[in-house]
Structure formats: C-alpha cells, structure tokens
Number of protein chains: 2
Amino acid sequence: MDDMKGIKTLNLKLTEPEKLREQVRYYFHQTYSIDEKLYDSLINDETFYLRADPLRHPLVFYLGHTAAFYINKLIIGKVIEERINPSYESMFAIGVDEMSWDDLNEANYDWPSIPNVKRYRDLVRERVDRLISELPLDENGIGWNSPWWGVIMGIEHQRIHLETSSVLIRQLPLEKVRPLDFWNVCPKAGAAPQNELLPVAGGKIRLGRDDNSPWYGWDNEYGSISFDVKQFEASKYLVSNAEFLEFIEDGGYTQERFWTPEGWSWLSFQKALMPRFWRKEGQNYKLRLMTTEIEMPWNWPVECNYLEAKAFCNWKAAQTSLPIRLPSEEEWMRLRDSHINTDQPLWDVAPGNINLEFWASSCPVDHFGFGDFYDLIGNVWQWTETPIYPFPGFKIHPIYDDFSVPTFDGRHNLIKGGSWISTGNEALRDSRYAFRRHFYQHAGFRYISSPEPVTLHDEPYETDPTIIPWCDANWGDNPLGDKHFSQQVMETLQTTLKKLQGKKALHLGCKTGRLSFELARTFAHVTGIDFTTRLIRQAIQMHEKGFIRYIRVEEGEIVSHVEKHLKDFALQDVADKVEFWQADVSNLIAKFTGYDFILAVNAIEEAIKPRRFLEEIHTRLNSGGILVLVDGYAWNPDITRAEDRLGGFRKDGEPYGSFEALNDILDKEFELLEEPRELWQTLRQQQRLHSLKKVQLTIWRKKA
Amino acid sequence: MDDMKGIKTLNLKLTEPEKLREQVRYYFHQTYSIDEKLYDSLINDETFYLRADPLRHPLVFYLGHTAAFYINKLIIGKVIEERINPSYESMFAIGVDEMSWDDLNEANYDWPSIPNVKRYRDLVRERVDRLISELPLDENGIGWNSPWWGVIMGIEHQRIHLETSSVLIRQLPLEKVRPLDFWNVCPKAGAAPQNELLPVAGGKIRLGRDDNSPWYGWDNEYGSISFDVKQFEASKYLVSNAEFLEFIEDGGYTQERFWTPEGWSWLSFQKALMPRFWRKEGQNYKLRLMTTEIEMPWNWPVECNYLEAKAFCNWKAAQTSLPIRLPSEEEWMRLRDSHINTDQPLWDVAPGNINLEFWASSCPVDHFGFGDFYDLIGNVWQWTETPIYPFPGFKIHPIYDDFSVPTFDGRHNLIKGGSWISTGNEALRDSRYAFRRHFYQHAGFRYISSPEPVTLHDEPYETDPTIIPWCDANWGDNPLGDKHFSQQVMETLQTTLKKLQGKKALHLGCKTGRLSFELARTFAHVTGIDFTTRLIRQAIQMHEKGFIRYIRVEEGEIVSHVEKHLKDFALQDVADKVEFWQADVSNLIAKFTGYDFILAVNAIEEAIKPRRFLEEIHTRLNSGGILVLVDGYAWNPDITRAEDRLGGFRKDGEPYGSFEALNDILDKEFELLEEPRELWQTLRQQQRLHSLKKVQLTIWRKKA
C-alpha cells in the first residue's frame, strides 16, 4: 500500500507514448486510491454528512466531487460525450463558496447514500481507466491543448483535495475519526530551538512556469515575471508552536495594534484566543492532528492563518525594533532557490517533510535542514505577503476557466512550499496556491527582516463595461475579420506619413493608446491624450508594463479574460517615443504645442465644446502641419449639449451636416487635402453584439 | 408690361438647349418682375415692416426671401459656391411657422432697409441670369437631378409667393396699399345664380405626375395612385357670397352642431361672424380685395377657410337631408377631368379665371362654363376633404427636403383648381397645395352630394425609433455593402428549401415581414408572426398596400424619408401567399400548426419564455419538418428574466452557452442537421451608427 505515497507528478513530455499511457494509468489509480484512503479515517457513513466546517460542504460532497470532476471536465473538453450520472455530476459540481453565508442550510441538499456515491466513484474510475486505454497519444506527449490534459487535471485536482479534505477531517469531532497506520503521525517532539535571523543574498529571480515545462501546471503558474530581490534576513526556522506561544502569552490576541483591520475584525468575530488546532486544557496545550489529539509538540511549526501570522510579525517587529514581516512571493522563492536546486520529480528522497514521504503530520522545525535554514519546503505551507496575481502571459485553461481568476482579487494570499500532504503539482517549485487570509490549511510561516516594501501586483483585469470595449477596439481583433481599425487608419495615412518621419505627433482621443504607439513607428515623439482617466490608465499601463488585461463579456454572465502585450504588435521598441496624458481636448494646456501632426479620433463627437477644440487646434500645429480628423459625428447629449453640436441640425432652414461645419470652421486656418474617406469602427459589447460606427477621415494642412 | 401675365410654365423637355436656355431666362425675369410689381401696391417702404398677419413675417421678409431662396438652393445643390450676402441669406431663409405663437416678437428681427434689400434682389437677379448663361444644357432638357432644377425651383417658388403675398397684401390696412392698373379688378358683379346639384359619372382616375412630365413639379406631385370614383352629384357653381350669406343668416356661425370640434374651437378663438374678407357696415356687406374694398359682389365665389366651408356643407346637408360634403381630391379630379382635357401650357386662352389671364380678382361664379358646370378650375381655389398625403412612389427632392413632408400630418387639406393669381406650376392639373384648415388663401369651395365616405390616406412615415431600424433592416440596404441579411439567410437555406417547394411555412419574429415574403417564393403558404404590433403593422401595410414608409435619422436632427415597395424586391407576385399575425411566439394559439418549415429569427432572444417556446415548437411542425433558428442569444433583461434565459450563465460550475442549451432542449424532438452558421445582422440607428449582431443559424429536423 505504501507505494501510494511518495509518487511524483508525471513527466508529460515523455517521448514513449505507451510508457506514458501506463504511467498516467498508475498515477490515476494511486491518486484515486489514496483519496479513498483518506475517507477511511471516518468512523462510519453518517460522518460523511457532518459539517466539519460550517462554511464547507460535508465530506460526502468531496467523496463525489473528486470523481464527478473528471467527467465534467472531460465533457466540457469534448473528450467524452456521455455522462455517467447527470444528477450526481450536477450535485457534485460546485463547492460552497467559502464566503457565502446564505447557503448554509443543508436542507437545500439531498445527498445520496455513501454506497451509491462509492458505486459512482467506481464507475468513474472504470470510465477514466478505459479512456486512458483508448485516447490516442504520440511522442509529443501531453500538452495544454491535448484531450489528455483533462485527465491529468482530474488527477491533480484530486491531489489538491487530498490536502483540503485532510484539513476538513482535522475539523471533525475526534470521536468521529480514527487513526490509521497509513496516516502515520511523526513521533518526534520536544523543546523548540531558539529561532534567529540569517542573511539571504539579493539577486535576480524569474518566476513562472515555462510553456514547455514537462510537468502539469495550473493556469496561474504560467507566464513570466522577473525581480531583482534586495538582500534580507530570514528566520532560520519556521515559527514553532513555542515561539508563537510567546506572542499569545504577551497578550498578542488581545491587542488590536498588532492586527490589520481585517485581522482584528476576524478575531473579534471568531473570538479566537489561539490558533484553531490548539486546545488549552487547564494549563496544558493540546494539538489536534488529522485523526488524533496530542500534547502540544512545541518544536513543531505553528499552524495559523495569514492574519495571525501577520499579527505575530507585527508583535515581533515591535519587540525587536526590526522590520519583521512575512516574505513576498519573490523573496520566498529567492530563499528557496538559494538552497534547493532540485524539484519533486527529480529527487530520490524528498529533502523535506513533503510528498507524504515521511509522516502524515508535521515534524520538528529543526529536522530538515537546507544549508543554514530549515524547512525551506515541506512540513507546513508558508504564508507570504503577496496576494496572488496572474503573471504577464497568463491565460485561462478553457476547461477550467474559474480555477484562478476569482482569486485575483487582492484578498487571496499565496502560500508556498507545501506541507507534509502536498503531492503531485502541489509539491513543485512553480506551484502557486492562494487562500483567503482568514483560511486554515496545514500552513504556518517563516518571518523575514527587510526594510523593503512589498510590491503589490495591481494590474487587475479591467472590468468597467465602458472601458473594456475600447481595450478591445484598440488591442483586440476586428470582429468583422478584416483589417484592424488602426491598420485601416495607418494605411489611409501612408502617403501623408511618409513626409513626416522623425517629426512630432499629437494623438487626441487616444483611448487605450493603440494608435499612439502605431504613430511612434513614424514619429520621433508622440503625445497621446485622452479625457477619460480610466482609458488613459490602460494606455499608461501598456506603456509602463507592456501589457493590459480586461474581461470581455461573451454571453450573459459568461466572460473571457484577455491579456494583450505591446510585443504582440511589435510595438515594444517604439514605446519609449510615446507619452500619455489625461486632458480635455477642448481645453488643452499650453505645453501641448509645436506638433507637426495631429490625429484626433472620435475627439470631435466626444468633445464638450467641439467648436472651441477646432478653432484653437491650429495653435498646436507648426506651419504646414497636418491635422487628421477621424470622427463619426455621433453627437451624444450627455457629452455635447445640443447647442454646441457642430452639425446635425437645420441651419437657415437647410440640413447642416458636421462635415460642412468642419469646412466652415477650419477653412480659415486649414486647407482640406483629399476627399474624405469612410472607415468602419467596431466596438464590441459581447461576443455576438457590437456597435458599428462609420467614421469619416479627413486630412487638413495648416496654411502657411 | 402685360406680357408678364398669362405666361406658361416651361416645357423642360425641349430638345433645343439654347432655345430652352432663353425661355428659362425669360421666365425667370418675368417672374422676378411680376413679384416686384406686387410690392408696388404698398404705399411706402414703412409698409414693408407692418405685420399684415400676426402669424407671418412682414412683407420685407418676402421681398428678400424670394431672392435669397435662389442662392440658398443653388448652394445646397452645389450649383454655385459663393454666397452673395450670407447674413441676408440666413435672415431671409425661413418664414415663421404659421402655428408658432412664441416667435411673434418682431424685436427678434433687425430687418434691413428696403433699398438694401432691393439692391440685394438685383444682385441675385444678375447672378441667376449669369448662371442661366453659363450652366451647360443639352437636348435632354432639365430633369429632377439637373443643376437647372434649382433655377426652375426658384422661379416656381417665387410664383407661389406671388399668390401668398397677394393674400398678405389683402390683409394690410387699406390706407397702406394702392390700386394699380396692373392689378385690374373684375368689374362684373350682380345677383348670384341659383345653385344646383348635377350628376358626375363615376369611373377610374389616376393621380400623380409622371416622372417624365415635361413640366416642373413639386415633390408631392410625383408618384401614382388610382381610384375608382363612385358617381356623385356636384354643385353647378362654386358657392357664391350670396349662397354663403344664407348660412350666416341662418345662424351658421353660432350653432356648434354644424362645426367640427376643430372648427368650433377656431371660431370661438377668432370670434368670427363671417368670412375674413367680408366687412359689415350697417346692413351692408363689403368685400376686401387686394388693394381695394368693394360693395359685396354677391355672385362672386365666397372665400373662406376649410372649417367654414365644412360647416356650410353640414348646414346644407341638414337643410336638404342630402349627404352634402366637400369633394375628396379624387372626386374633384374626376369632375375636372370629365370636362377639361387641356392644361395651362397647352391652352391658348385660359378656360377659366386663372393664370392672371383675366383679372386680378375673382369674378362671377357663372362666368366661366365647363359643360354644365362653372369654375372647374380658376377663380378661387377649392377646398377638398382630403388631407394631403404622399402618393406611393413619393420621393423628396434633396435641395428642398421640407417642402411637403411637414404637411403630411393629416392637418393640411388640399386645395385644388387654382385662383385668378395662380400661375406657373400652380395652374397645372397635377399641382397639389395644402394648407392648415383654418388658413386663408384666395380659396372657396364647391360642394357635392355623395353617400360614399372619404378615403383618408393613413400611410404615414413610421417615426417610432424602435420600429424604424427594423423597417430598414428588412427593406433597406445592408450598410456594410455586402449581401442583404435576408439574402444571406435565403442562400444559406437554399439546399434545405429545395425540398420544400409548395409546402407550408411559419416565420416567427417576422418583424416588418421581409423574410416572410422571401419564403413565399418557395412555399405555397407563409404565416408571419411577430409580437410587436407596431412591427407587424408595417408588414401588414406592405402586404395590403405594397409599400411602407419610414423616417431614418441621418445625423442629429437631420432625417431622410424612405419609401419601399414590394415590387422593388420582385415580391409583389408572391404576396398573396403570405399572411401576418400579431402573437407571442412563446404562447401561440393552437391554429398555428401543421407547418413543414419554421423559421424563427431573433425569436429566442426576444421571447419572454424561450424554453417554453422551444419545448413546444415541435407541435407546430409536421413529422420530418424543418426548424431553422437564427438568433444572437443577446439576452435583454427587459424581455427575458435572468432565470428564464437559456444560456449565458454557469451551470453546475461550467459556462453554459445558449447553443448548448438549444441542443439540450431540442434533442428529444429534433436532430441538428448541419454545423451552425454565423451571419452578421445589422441594425441602423443613424447614418454613421449601427448595431451589429452575429447571429447563429441552426437547422433542425423533427424526428419522425
């Protein structure tokens, strides 16, 4: 049986297809079995229906869930066509959101019997086994787009639930669980070593799983980001129960000043006096493990949530007058990489208490050394200061589109390093898991000392429905399938631009900046201006970070996440010629002058005072300079008052169009160079809904 | 000087260009001169600034207006480029709306001096004369699209103002005007003849100026409509002042029962006791003419507005117990055509008191005979029961787009036949002028006796902004310039339809009906159904009358008027196979069944209960029948409640699209025949603004 433990996640790039097929089969069955082994800890079937945690489903759900997940994902991925039990596959599909307080009524659920769920598990196991036999496989192995990916995803998903279910079991009443030999508790315990801060050299570090990684990764692990980490000091050991007790005994749980507002709010609500798995009996402390309770092992790592870890650090900082805090993700990785050059699939024996290779519990914090440090990986997860965020290059896997995205909200912090029960993908260097800061896993922490602030990664997905269409219009595809609008504009201006190489351009109404960057291919300097802060912010992020992100509505509540990079458009090399400003095009300050070329897109129809804009625009242009107007004259009463419109009314009894008005206003300072051109500008609302604007492009030369 | 009178409107199809050019010049100068001759009746320049009618501009405006009109229209028509006096051409552009009571303050106007206006008139006369010399002309003559059309329009416009200004002069104080020999009053007056009703044979009549007519026509005169006029009786004479006096003396002006509500309201407001140009002095009645007042000529035709004429008829009907009323336009024309087979350009001498060929006033009603009748044309205009309406085939002339359209409101009744001062186009058979019913011109009436109701022409231009885009989407052009949406659908269905020749089709969500008619090319019977009454009304009008009309927004307040005919699409011959019903597609009554083919366009996304619709649609189809769904699944919460949507949400944790839902719902009764196709559906909001919907076309066969 023990061959269930210590298994490594698969090398999916193995070039021997039949060998890989059998490895998948083995990995699948071992995972399936160990999952069931976990539930053997429950004393009887009734226990499956108890709520270990008031905010989670009872374990019967997870018993069904890890099986149904295979079928649901393989159906979504169109790998299989037939369901096994549609009712189960619906009932076991979605867990309770950990923050939803209104769905606690178990009466909403009519859970089936355990034997029935187990029979269902068996049917799924047979079906997936058959699929493993039948699915074509070649020497390219298994990639992100392979139908096999859903199988591996199911296995790795089940391995995550090994860990989370073990936490739920740990919350069941002691009398409802039983110890099993398989889940062997570490027998070592004793006094904790004195912790100390040791130096960690600074240096460059790159995070993000390579697209060609041979090992399975969840969506949030891909992409790439680099850091130059400053040197810092880190605690030699994880914080032990003993070290944490000092905080408690010093009144840590009663002094608001150590806690973040979120932490204090949680503490007040929970009325917590110590970490959740601690129990005080008289003057003695006990520690609840998965199926047993033991005398407090003072030299084991403390397990707490982020809020408690953070309060501890604040207390420690106050005590020591050092800048004590939790590490950022990159600092944590820097420390790891400076002492570990292996990874789970490559090692013979785990260098730490991880991958179920030693115990089914924590162990002393001074047991597994890595150079001067201990427990750089394994034993318990380690909280970081970094809320999870997508790396640049992030994309969502189509068959599990809500795995990571809901956690990119700044409220889910990363835990790193894995625990004793972290297996499969969880035990890899590049794995990234994040939980709400009040949440419990087998997680503790290491503190560091550093004066550097922690970088927050605030490049969220744009969700403003008035901004998204312009992100997409600038950087997405043309829904009509022909040339992108920016290309149409640039091609129309080709001859005009030839004479302006190396000159200075102003782009008014630049929205999220695409055409400003395009102009920088020609001009030595481009100023992009838009009035809407939320639009120009996207242009600036594209300029500063090289990418933007937004969420498109596909149909109803179904969305897709889009990330666009300057380099996708080969614009990264001209970016340093562009600058962006937020300003009202009808009321520009004096500094925006001396241009040889001005492009104003939708600027007239979106101006509060379009006449003022047109009357003074010549002052921004050098003599002989070119003004290009691209506009739909789609007057919006919320922006331009009726009396301020240029055209679209009767003047002296005759229809007076805006192009006519342009001529009347610009005539004094400009000459019209060519016949107006008409272009189609699309604005996407949803996958199937767009607005379509016919815009007129006119080219004017400032008279000498 | 007298060669100014009796001039005929020009034959614009003359094939001798230089001769035509000189005829235009002559016609222009004579018209210009006679216009000025009219103002010679004013005793001095101050009189030009008097308001003859409180709801009209003073005559100085008309002095400038008839000249400025040439320049304004030639500029609009891009025939000339330079204005002569932009300020005058703005000030003299628009008359006061006869119904606008809030613009009476002459202080708003700073009229120029009469010598200045006259100098301006001279400049215009020179400019137009030069244009007449310079404009190219060939043997095709002058057509609707010719640059010359603006010149002719200016002349004919000036001729209309001869008449309307003469009415304004008639309203000036007597001491402000002077008689001139040129404006010679008819010396004949005496007792009125006894009027009587004479029979008019029924028969067919066709109205509408032919596109190839050699004579100038205003927009509303073109198009074509036919009637089968029932026989009726008509009064031998126009109603004379004597005959009208009977009505007055019988208390006609004090008894509400003879008046329409509109008429009684007008009478109460005006406190009128007799027609406007009558004046009672002791027991004597006087009649105001253009520049003089005379003893009441009892045998001249009474001049009154429609409301007075109508009240007279009601009184007469009550007196005689006969169905006395005013004639409709077609009855009036039937009577005219049964006794007149000439027209102004063709006659040597006018057959009636018209075209300024006899007097500058009315004359006795028994002077000009036409068979048994008198004054079938000429003397005074004759009010009809018919509010002006556009004939089918109506189109607007682009340089004068508001000549007729504002009068198509059911409140402007046609006057026919011309008066003594009707010249040019006004004196033609096909001319059509209409005024508000309370308005005064040199107009009276003839009554008829007929039990037939008068047909009102209620095919107004659709103005509902929610309906117009669908008129245009069904019957207008595809703004993207490629194939029309209905053609795309029909071509996609080509193979499917081949097997269904002569069968029975149901079209759900038929909007304004285009695809229902298209389906009738294949099917023996097509039922078109839509839930929106205002949409289906357009489909029904297209079916019953063969055309629809709608007003499109071009830019801001600028609109265009569109008329579309079934025969433009070669659909007139299949129309009798189509029927239209208003019904809810989610809740159809039992009669709509037994179809071989159902096409539902946008029906799902616009259904209140789309699931119910899809679940029961198979009951409408014969076994093996075809269901075609064309839909954008663009769920609108105002129509379909969130919980009733088919897709566009997460189901069991996974994105659930509407196409997936279609499969789930239809699977039991249908099989999907082909891969779904995607089509682009456009909906026009304005000239430059459209919405664009990607709709999915799926073809399903009902299982046997």
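Residues numbered from 1 in each chain as written. Chains lettered and ligands numbered in written order. Predicted model: local features only at pLDDT ≥ 70, side-chain atom pairs only at ≥ 80, totals over all residues. Heavy atoms only, no water.

### Thoughts on the overall build of chain A
Along chain A, the regular secondary structure elements total 16 helices and 27 strands. Overall, the C-alpha framework of chain A stretches about 95 × 65 × 50 Å when taken along its three principal axes. In chain A, which comprises 704 residues, the share counted as buried stands at 61%. For chain A, the proportion of contacts with a sequence separation of at least 24, taken over those separated by at least 6, is 77%. Accessible area of chain A: about 27,400 Å², with a carbon and sulfur share of 49%. Here chain A holds 82 positive side-chain charges and 104 negative ones, and the gap between their average locations is 3 Å. (Helix = DSSP H or I, 4+ residues; strand = E, 2+ residues; numbered from the N terminus. Buried < 20%, exposed > 50% of the residue type's maximum accessible area, 1.4 Å probe, protein only. Contact = heavy atoms within 4.5 Å. Areas by Shrake-Rupley, 256 points an atom, 1.4 Å probe, with all protein chains shown as cover. Lys, Arg positive; Asp, Glu negative; His and termini not counted. Charge placed at Lys NZ, Arg CZ, Asp CG, Glu CD.)

### Topic: the sheet that holds strand β11 (residues 381–387) of chain B
All names here are of chain B. Pairing within the open sheet is mixed, and its four strands lie in the order β13-β12-β11-β14. Every interior strand has two partners, whereas the edge strands, β13 (433–436) and β14 (443–444), have only one. Set on the sheet, helix α9 (residues 329–337) makes contact with β11 and β12 (412–416); between it and β11 the angle comes to about 135°. (Pairing = 2+ DSSP bridges. Axes fitted to C-alpha atoms, helices over the stretch in contact; angles between N-to-C directions.)

### Some thoughts on the confidence of the model for chain A
Residue and element names in this part refer to chain A. Looking at chain A, pLDDT values average 94 and 98% of them are 70 or higher. The low-confidence segment residues 99–104, where pLDDT is below 50, has 11 contacts with residues more than four positions distant or belonging to other chains. The complex model carries a pTM of 0.79, and its ipTM stands at 0.78. (pLDDT = per-residue confidence, 0-100.)

### So, the environment of B:Glu221
Residues and elements named next belong to chain B. By the element assignment, glutamate 221 lies in the loop between β2 (203–207) and β3 (225–229). On the basis of relative accessible area, glutamate 221 is assigned to the buried category, the value being 0%. The spatial distance from the C-alpha of glutamate 221 to the C-alpha of aspartate 430 is 6.4 Å, given a sequence separation of 209 residues. For glutamate 221, the contacting residues outside a window of four places in its chain are Gly208, Arg209, Tyr216, Phe391, Asn425, Asp430, Ser431 and Arg432.

### A short note on the packing of helix α1 (residues 17–39) of chain B against helix α5 (residues 148–169) of chain B
Working note: a packed helix pair is described by the angle between its axes plus the distance between those axes. All names here are of chain B. Contact geometry for α1 and α5: axes closest at 10 Å, N-to-C directions at 20°. Classed by the angle they form, the pair α1 and α5 counts as roughly parallel. Crossing angle aside, the handedness with which α1 passes α5 is left-handed. For the pair α1 and α5, the contacting residues are Arg21, Val24, Tyr27, Phe28, Gln30, Thr31, Tyr32, Ile34, Asp35, Leu38 and Tyr39 in the first and Trp148, Val151, Ile152, Ile155, Glu156, Gln158, Arg159, His161, Leu162, Ser165, Ser166 and Ile169 in the second. Its residues placed into classes, the contact of α1 with α5 shows 13 nonpolar, six polar and four charged. (Parallel < 35°, antiparallel > 145°, perpendicular 65-115°, else oblique. Left-handed = near helix turned anticlockwise from the far one by under 90°. Nonpolar A, V, L, I, M, F, W, Y, C, P; charged D, E, K, R; others polar.)

### Details of the sheet that holds strand β15 (residues 448–449) of chain A
Residues and elements named next belong to chain A. Across the sheet, which stays open at both edges, the four strands sit in the order β1-β4-β15-β8 with antiparallel pairing between neighbours. Of all the strands in the sheet, just β1 (197–200) and β8 (324–325) have a single pairing partner and so form its edges. In this structure, strand β4 (residues 232–235) lies alongside β15, joined through two bridges in antiparallel fashion. From the neighbouring strand, alanine 234 faces β15, where its bridge partner is isoleucine 448. Against the sheet, helix α9 (residues 329–339) touches β1, β4, β8 and β15, its axis set at about 75° to β4.

### Here we look at helix α6 (residues 241–249) of chain A
Residue and element names in this part refer to chain A. Those residues of α6 lying buried are Asn241, Glu243, Phe244, Leu245, Phe247 and Ile248. Of the surrounding secondary structure, the elements contacted by the buried residues of α6 are β5 (278–281), β6 (284–288) and α8 (306–320). At the C-terminal side of α6, glycine 251 shows a positive phi close to 80°.

### Describing the interface of chain B and chain A
Residue-level contacts link 45 residues of chain B with 45 residues of chain A. Overall, the association of chain B and chain A removes approximately 3,700 Å² of surface from exposure, summing both partners, and the carbon and sulfur fraction of that is 53%. Between the two partners, chain B and chain A, sit 10 salt bridges. The salt bridge involving A:Glu678 is made with B:Arg688; its shortest N-O contact spans 2.8 Å. Elements with a contribution of two residues or more to the side of chain B that touches chain A: α2 (59–76), α3 (86–91), β23 (649–651), β24 (654–656), β26 (677–686) and β27 (689–702) of chain B. Of the residues assigned to the side of chain B that touches chain A, the class counts are 17 nonpolar, 13 polar and 15 charged. Pairing of strand β27 (residues 689–702) of chain A with β27(B) involves five bridges; the strand directions are antiparallel. (Buried area = accessible area lost by both parts, 1.4 Å probe. Salt bridge = Lys/Arg side-chain N within 4 Å of Asp/Glu carboxyl O.)

### A short note on the packing of aromatic side chains
Geometrically, a pair of aromatic rings is defined through the distance of the ring centres and the angle of the planes. Summed over all chains, the structure comprises 108 aromatic pairs over all chains. The ring of A:Trp470 carries the charged tip of A:Lys511 above its face, separated from the ring centre by 4.5 Å. Above the plane of the ring of B:Phe277 lies B:Arg170, whose end atom (NZ or CZ) is 3.9 Å from the centre. (Phe/Tyr/Trp six-rings, centres within 6.5 Å; stacked < 30°, edge-to-face > 60°. Lys NZ or Arg CZ within 6 Å of the ring centre and 35° of its normal.)

### What about the relation of the copies chain B and chain A?
Screw-axis analysis of chain B against chain A gives a translation of 0.1 Å along the axis, an RMSD of 0.1 Å, and a rotation angle of 180°. As the rotation angle and translation indicate, the two copies are arranged about a two-fold axis. Distance from the rotation axis, computed per C-alpha, reaches its smallest value in chain B at B:Ser691: 2.1 Å. Interface overlap between copies is the fraction of interface residues in one copy that are interface residues in the other; for chain B against chain A it reaches 100%, indicating a shared surface. (Least-squares fit on C-alpha atoms with pLDDT ≥ 70 in both.)

### Observations concerning the pattern of salt bridges
Tallied over the entire structure, the rule returns 104 salt bridges over all chains. Of the charged contacts, one joins A:Glu563 and A:Arg549 as a salt bridge, the two residues approaching to 2.8 Å between their closest N and O atoms. Of this pair, A:Glu563 sits in strand β19 (residues 558–565) while A:Arg549 is found in strand β18 (residues 547–555), placing the two residues 14 residues apart along the sequence. For the pair A:Glu563 and A:Arg549, a shared accessibility class is recorded, and that class is buried. The closest approach of N and O atoms between B:Arg83 and B:Glu89, which form a salt bridge, is 3.2 Å. One network of salt bridges, in which partners are shared, links A:Arg279, A:Glu281, A:Lys286, A:Glu293 and A:Glu295.

### Description of the pairing of strand β6 (residues 284–288) of chain B
Residue and element names in this part refer to chain B. With four of five residues buried, β6 is to be regarded as a mostly interior element. As judged from the four bridges shared by strand β5 (residues 278–281) and β6, these two strands associate in the antiparallel manner. Considered in β6, the bridge of arginine 279 is made with lysine 286. Taken together, β5 and the strand that follows it, β6, pair antiparallel across an intervening segment of two residues, in which glycine 282 is found at a positive phi of about 65°. With three bridges connecting them, β6 and strand β7 (residues 293–295) associate as antiparallel partners. Looking across to β7, one finds that lysine 286 is bridged to glutamate 295. Between β6 and the antiparallel strand that follows it, β7, lie four residues.

### Notes on the environment of A:Glu295
Residue and element names in this part refer to chain A. By secondary structure assignment, the location of glutamate 295 is in strand β7 (residues 293–295). The partly exposed category is assigned to glutamate 295, whose relative accessible area is 46%. In this structure, the C-alpha to C-alpha distance between glutamate 295 and alanine 317, residues 22 residues apart in sequence, is 29 Å. Glutamate 295 has contacts with Asn284, Tyr285 and Lys286, leaving out every residue within four places of it along the chain. Here the side chain of glutamate 295 touches lysine 286 through a polar contact of 2.6 Å, side chain to side chain. (Polar contact = N/O pair within 3.5 Å; in protein donor to acceptor, adjacent residues only side chain to side chain.)

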